[in-house]
Amino acid sequence: MRRVVTALVLVSVAVALVACSSGSPTTTTSAPVPATGGAVVPVTAPAAGNPTGDVLSPIPASTPVQAFPTDPASVPQVVLDNLAAHKPMLVFLYDPSTHVSDDQRTEINVALKKYVGAIEFVSFDYTTGVPVGSATTTLPAEIDKAERMVGLLKINTTPYIVFVNANGQITYRFAGFVDRGLIEREIMRATQ
């Protein structure tokens, strides 16, 4: 009985190997093959949204350049001051009641140690604008502005990181936990 089972296993493995290798034969040519109409198709070309060929940190092709909001009625003064001084920023929105926010802050701190003075760090507690008790509670002005800024940026989760360059343009956004390698990459992009 063992011989029959062993023979069946060997036959099935052989059939699987033949089936996997029975694709069309591949041929390689050293010269480009002309397409219809006599045009030569290039062998390699960089992606459409990535003209520099940067494969480690490409800029998404579909993301248009977006300016960070600058309305004084909807943006906290600390952010407006950094924008007016043309300082790159890392804006961090968090919920202090979650462990992931603590972990994210640790990753940010490690990344920022390498770039002291190159980028400004601004953080906002996402829960300070949540009314407790009465719905008619009036928020302090800066907290109200922070809540309006969150709405303008369409942020609906925490932790959330927004990178802003010296020109006031958003260079990248992250929703959820991000490791220090990606944070460092975006710090370099925002400060260039």
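Because the structure is predicted, anything quoted here is derived from the model rather than measured.

A.B. asks: Quick one: what's the story with unusual backbone geometry, residue by residue and with numbers?
C.D. replies: For the bond running from T158 to P159, omega is -10°, close enough to zero to count as cis. In this structure, P159 sits in the loop between helix 4 (141-152) and strand 4 (160-164). At H86, a residue that is not glycine, the phi angle is positive and equals roughly 55°. Note on placement: H86 falls in the loop between helix 2 (77-84) and strand 2 (89-94). Of note, the phi angle at K154 is positive, near 60°, even though the residue is not glycine. Mapped onto the elements of the fold, K154 is located in the loop between helix 4 and strand 4. Residue class for K154 comes out exposed when judged on its relative accessible area of 68%.

A.B. asks: I'd like a description of the pairing of strand 3 (residues 120-125), backed by residues and values.
C.D. replies: Note that strand 2 and strand 3 share six bridges and pair parallel. When the sheet's bridge partners are listed, F92 is paired in strand 3 with S123. Following the chain from strand 2 across helix 3 (residues 99-113) to the adjacent parallel strand 3, one finds a crossover that is right-handed.

Cut-off values and rules
- Residues numbered from 1 in each chain as written.
- Predicted model: local features only at pLDDT ≥ 70, side-chain atom pairs only at ≥ 80, totals over all residues.
- Heavy atoms only, no water.
- Helix = DSSP H or I, 4+ residues; strand = E, 2+ residues; numbered from the N terminus.
- Buried < 20%, exposed > 50% of the residue type's maximum accessible area, 1.4 Å probe, protein only.
- Pairing = 2+ DSSP bridges.
- Right-handed = clockwise from strand over helix to strand, strands pointing away.

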